[in-house]
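Coordinates in review
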Amino acid sequence: MLRVAMVDVPHVAHQATGRARMRRAPKAPRRFLANVCAGLGGCELRRLLRSCGRPPRSALRVSRRRARPQLGRRLAREGFHLSPSPLSADGFFINVQETLSCQAPLLGHSLMHHSGEVYGQEATSTLPIESLRAVAEQTFGDQPLCVLDLCAAPGSKASQVASQLHIDLLVANEPQKTRAALLQANLLRAGVSEALILSMDGTRIGAIMPNAFDVVLVDAPCSGEGNIRKDPSAWDRWAHNDHPQQLQSRLNLQKDLMSSGWQALRPGGLLVYSTCTLNHEENERQCCQLQEQGAQVVRLDEQLVPSTPEGFLRVWPHWLDVEGFFVACFYKETTHVDPAAQMDCLSLGKMGFRRLKTSEVAGLQERVLQELHFSLPPGIPVMDKEEDVFLLTKRLPLLQKLLPHTLLPGIRLLSKQQISKELRLVAGGNLSSEEWLDLYKSAGGGLGASSLSLKSAVDAPTAWKAFQEMKQQRLEPDIVSYNTLLNAFAKDSDGAGAQEVFNEMTDVSVTPGVVSFSVLIEAHARAGHRKAAEQAFRIMQELGLQPNEVTYTALLRARLLSGDLLGAEDLQNELNVVGYTLLIDAYARVGNVEKAEAAVDALSMNAAPNLATYTALMKAYSRAHQLQGAEAVMSRMKAQGLEPNSITYVTLIAAHGKAKSLQRAEELYKEQGPNLASATAMIGAYGRQASSFCSERSEYTGGGRVRGQLRRGEPRAWWGRATKRGPKMLKERKECLTSFVHRLSGQMLFAAGSCHRP
């Protein structure tokens, strides 16, 4: 039986509160403000804190290796509209379709994500490689590079390196075996065949491979204060009494990683150090210590964003409405290296491989080309003792030293005389989402692959099945997996199912966060469980978790659906654009124009109203029978650069139809163009004024003319697109149109009174 009522959550530790924090949201720890924000003025500090209280801004990066034509259109069809990121040539912010729903489409659902065409990556996370790319072009020219990513998992920056730089070899390291396997699968999915995956302590690589790499990336583990919008616990660390000890432990690890990376960097090479934190100890202080070892700062003054006086990049969250980040770049002065000190290379035989004969290589290349329509990348094809075939890097001395620490010596080409799944994943092709996920899972995706399967579920039962399969594979679901499952139940308006998932989280000691509670409240709201939603909100506050705008919007929905408009108004100062739009829509339903306008004004003080917001306001004027006000909203919308959609036109057409202003309704109908929604509104307008149905010069009545336009025009275009998407879609479209023409328009025409030809 499902447990519907909220239960206590004993597994969630109470966070430090009280004097350690500010009283007002987002309740920043005083220690954080004193150490990190001391240099910010009062106005800028308020902007920072306000920015940290907003939900994170979703972004993606387009892969130059994978992207196919019309990517933007294909993403738009799935609900994602892109706007360029100022921080990356390949980066874009994700703007979901205008909707009143708190549940935005998930990028992990899309085929473009599964196939590696896009990678979900925060805008500021692209800065290290963008900075490196600008400097590397001046330093190395067109020279193919040997790159070491010292802290590579899960692979966002490593795959960006392969996408944007001319590389000969990419060595990507992750000490944890399971995360290293996920790193490998992510790089294969991104089409990267030149990668060598290590799983070892990054602080030891410099001693094993000194002076070996042209470029070294150190994206160091850090406090993560820049990610406060998606991880509120980052600030909690500053409120804990043991914060100085935790900080010192991270500083020691960062220093050791930087020293190891510096040792592995060849003279004349570049090292990039980055964190997603904001404090000076983990950023400038670490850079000063590296300078003491002879590192020369490569100033990033004119790169992307304003730099610090030292020439580093520091991005504050409130500057561009993004996550906080820090980037520094260093150059290793060229020195003479004794050739005798260079490492000798063992023969392939002593390394455990047999090099394929020329005829074997030719046969393999032809087979891969015929089966996968893919050409083998450069490398040395070899066979191991199990008769699996691998493609090794030509940098054999480097491979020899690192071989004991690699997951695989190179990309596997053949396994038991069959083309390997790793090679199929790199080659890609016209595969379905299910085929991509299957290859990704078999190539080592593990929990990551199962999480993608979970995100791709079309409904809650499918998501639940994927979740159970994950556990059957002895993969331990993390909080992201549980939140994804909660989201599936919320979309299905299944509050009871979401509550059961939430209860399981606490039973297995997965600590729910702000996102978990927000989605649970949303699920209860959609299911009409106002009491359960309110109780979840109270427990969240009791646990010291700070609700964000998404949380308040979900609670607002619960109150609105229960008919408590006054209770919803109490949340007005805590809402995001979606929340304000829901509130304005509620005012529109009762025709309260004054309060709707006041809510728009309140929203405009912190954010720009969107298309859905203005459409809801237009509905308020329409319900209040104020046509001039509704038309004025349309003008305001266009003045803001917003393009009215079909819902906007339908709202205004219906308003004029109710006022029997058919001439203006017809103008709007022609401006929008015939489609089912606008035609429905237009037929309704004719139905309210039977005397306007007939014209001495027209062969058909007004409603009949609209019906004829639908039959001749828009449905045909829809059917044409539907046939490409399969018989099922075609059948659904035909049924939809048949129902519309014979039931809706027929009833409206009959109700208004039939007019005959003259």
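Residues numbered from 1 in each chain as written. Predicted model: local features only at pLDDT ≥ 70, side-chain atom pairs only at ≥ 80, totals over all residues. Heavy atoms only, no water.

Points about the overall build of the protein chain
Helix and strand content of the protein chain: 33 helices and 17 strands. Excluding contacts between residues fewer than 6 apart, the proportion of contacts in the protein chain whose partners are at least 24 apart in sequence is 69%. About 34,400 Å² of surface is accessible on the protein chain, with carbon and sulfur atoms providing 50% of the total. (Helix = DSSP H or I, 4+ residues; strand = E, 2+ residues; numbered from the N terminus. Contact = heavy atoms within 4.5 Å. Areas by Shrake-Rupley, 256 points an atom, 1.4 Å probe, with all protein chains shown as cover.)

Regarding the sheet that holds strand S15 (residues 389–392)
The pairing of strands in a sheet happens through backbone hydrogen bonds and is either parallel or antiparallel. The strand order S13-S14-S15-S16-S17 describes an open sheet built from five strands, whose pairing is antiparallel. Here the strands that pair on one side only, and so sit at the sheet edges, are strand S13 (354–355) and strand S17 (418–419). (Pairing = 2+ DSSP bridges.)

Let's talk about the UniProt feature "repeat: PPR" (unreviewed entry) in the protein chain
Under the UniProt annotation, "repeat: PPR" (unreviewed entry) lies at residues 478–512, 513–547 and 610–644. Across residues 478–512 one finds 74% helix and 0% strand; the C-alpha atoms that close the span lie 10 Å apart. Overall, residues 610–644 shows 74% helix and 0% strand. The separation of its end C-alpha atoms is 10 Å. (UniProt positions renumbered as here; feature names shortened; annotations may be inferred.)

Some words on the UniProt feature "binding site: S-adenosyl-L-methionine" (unreviewed entry) in the protein chain
On the UniProt side, "binding site: S-adenosyl-L-methionine" (unreviewed entry) is annotated at positions that read Cys151, Ala152, Ala153, Pro154, Gly155, Ser156, Lys157, Glu174, Asp201 and Asp219 here. By secondary structure assignment, the location of Ala153 is in the loop between strand S5 (145–149) and helix H6 (156–164). Taking the relative accessible area as the measure of exposure, Ala153 reaches 14% and is therefore buried. Apart from residues no more than four positions distant in its own chain, Ala153 is found in contact with Asn173, Glu174, Arg179 and Leu183. Structurally, Lys157 is set in helix H6. Given a relative accessible area of 11%, Lys157 falls into the buried group. When sequence neighbours within four positions are dropped, the list of residues in contact with Lys157 reads Gln121, Ser125, Pro128, Ile129, Asp149, Asp219, Ser274 and Phe325. (Buried < 20%, exposed > 50% of the residue type's maximum accessible area, 1.4 Å probe, protein only.)

Structural notes on the packing of aromatic side chains
One pass over the structure, following the stated rule, counts seven aromatic pairs. Note on Phe312 and Phe326: the rings are 5.6 Å apart at their centroids and 65° apart in plane angle, and the pair reads as edge-to-face. Of this pair, Phe312 sits in the loop between strand S10 (296–297) and strand S11 (313–315) while Phe326 sits in strand S12 (residues 325–331), and the two are 14 residues apart along the sequence. For Phe312, a relative accessible area of 0% puts it in the buried group. Each ring, one from Phe502 and one from Phe517, has its centre 5.0 Å from the other, and the planes form 65°; the classification is edge-to-face. Here Phe502, found in helix H19 (residues 495–507), pairs with Phe517, found in helix H20 (residues 514–526); they are 15 residues apart in sequence, far enough to count as distant. Phe517 carries the same exposure label as Phe502, and that label is buried. Ring pairing ties together the aromatic residues Trp464, Phe467, Tyr482 and Phe489, which thus form one cluster. Between the NZ or CZ atom of Arg189 and the centre of the ring of Tyr440, over which it lies, the distance is 4.6 Å. Sitting above the plane of the Trp262 ring, Lys332 keeps its charged end 5.4 Å from the centroid. (Phe/Tyr/Trp six-rings, centres within 6.5 Å; stacked < 30°, edge-to-face > 60°. Lys NZ or Arg CZ within 6 Å of the ring centre and 35° of its normal.)

Digging into the pattern of salt bridges
The full count for this structure, using the stated rule, is 29 salt bridges. For Arg68, the salt bridge goes to Glu117, with nearest N and O atoms at 3.6 Å. With Arg68 in the loop between strand S1 (59–62) and helix H3 (71–77) and Glu117 in the loop between helix H4 (111–114) and strand S4 (118–120), the pair connects residues that are 49 residues apart, well separated along the chain. The network of salt bridges with common partners includes Arg530, Glu534, Arg559 and Asp564. (Salt bridge = Lys/Arg side-chain N within 4 Å of Asp/Glu carboxyl O.)

Points about unusual backbone geometry
The omega angle of the peptide bond from Ala153 to Pro154 is 5°, so this bond is cis rather than trans. Counting through the fold element by element, Pro154 comes out in the loop between S5 and H6. One non-glycine residue, His373, lies in the positive phi region at around 55°. Note that His373 resides in the loop between helix H13 (358–372) and strand S14 (380–383). The phi dihedral of Ser493 is positive, around 55°, even though this residue is not glycine. Locating Ser493 in the fold gives a position in the loop between helix H18 (479–491) and H19. Owing to a relative accessible area of 32%, Ser493 belongs among the partly exposed residues under this scheme.

A short note on the packing of helix H24 (residues 577–589) against helix H26 (residues 611–623)
Running from N to C, H24 and H26 cross one another at 10°; their axes reach a closest spacing of 8 Å. One element, H24, and the other, H26, form an angle in the roughly parallel class. Side by side, H24 and H26 meet where Val577, Thr581, Ile584, Asp585, Ala588 and Arg589 of the first sit next to Ala612, Thr613, Ala616, Leu617, Lys619, Ala620 and Arg623 of the second. Classifying every residue of the contact of H24 with H26 by side-chain character gives seven nonpolar, two polar and four charged. (Axes fitted to C-alpha atoms, helices over the stretch in contact; angles between N-to-C directions. Parallel < 35°, antiparallel > 145°, perpendicular 65-115°, else oblique. Nonpolar A, V, L, I, M, F, W, Y, C, P; charged D, E, K, R; others polar.)

Observations regarding the pairing of S14
Residue alternation in S14 divides its side chains into two sets, Ile380 and Val382 and Pro381 and Met383, and both sets are buried. Relative to S14, S13 is paired through two bridges, and the arrangement is antiparallel. Its bridge partner lying in S14, Arg354 is registered against Met383. Pairing between S14 and S15: four bridges, direction antiparallel. From the neighbouring strand, Val382 faces S15, where its bridge partner is Phe390. Count of turn residues in the S14/S15 antiparallel hairpin: five residues, of which Glu387 carries a positive phi of about 65°.

Considering the nonpolar core
Of all hydrophobic cores here, the largest spans 76 residues; its most connected members are Leu556 and Met682. Looking at this core, the element that brings in the most residues is H24, giving nine residues. Leaving out residues up to four positions away in the same chain, Leu556 has contacts with Ala568, Leu571, Leu575, Gly579, Leu582 and Leu583. (Core = buried A, V, L, I, M, F, W, Y, C linked by side-chain atoms within 4.5 Å.)

Looking at helix H27 (residues 627–639)
The terminal C-alpha atoms of H27 lie 18 Å apart, and with 13 residues this matches the ideal 18 Å at 1.5 Å per residue to within 8%. Among the residues making up H27, those that are buried are Gly629, Ala630, Glu631, Val633, Met634 and Met637. On its buried face, H27 sits against H26, helix H28 (646–658) and helix H29 (662–672). Residue Gly641 follows H27 closely and has a positive phi angle near 80°. (Expected span 1.5 Å × (residues − 1).)

Describing the environment of Glu360
Residue position: Glu360 is located in helix H13. Of the residues examined, Glu360 reaches a relative accessible area of 31% and is grouped as partly exposed. On a C-alpha basis, the gap between Glu360 and Pro381 in space is 9.3 Å, while along the polypeptide they are 21 residues apart.

Regarding the side chain of Thr651
Looking at the secondary structure, you find Thr651 in helix H28. In this structure the side chain of Thr651 is engaged in a polar contact, spanning 2.8 Å, whose partner is the backbone oxygen of Ile647. Sequence-distant contacts of Thr651, that is, excluding residues within four places in its chain, are made with Thr615, Met618, Lys619 and Ser622. (Polar contact = N/O pair within 3.5 Å; in protein donor to acceptor, adjacent residues only side chain to side chain.)

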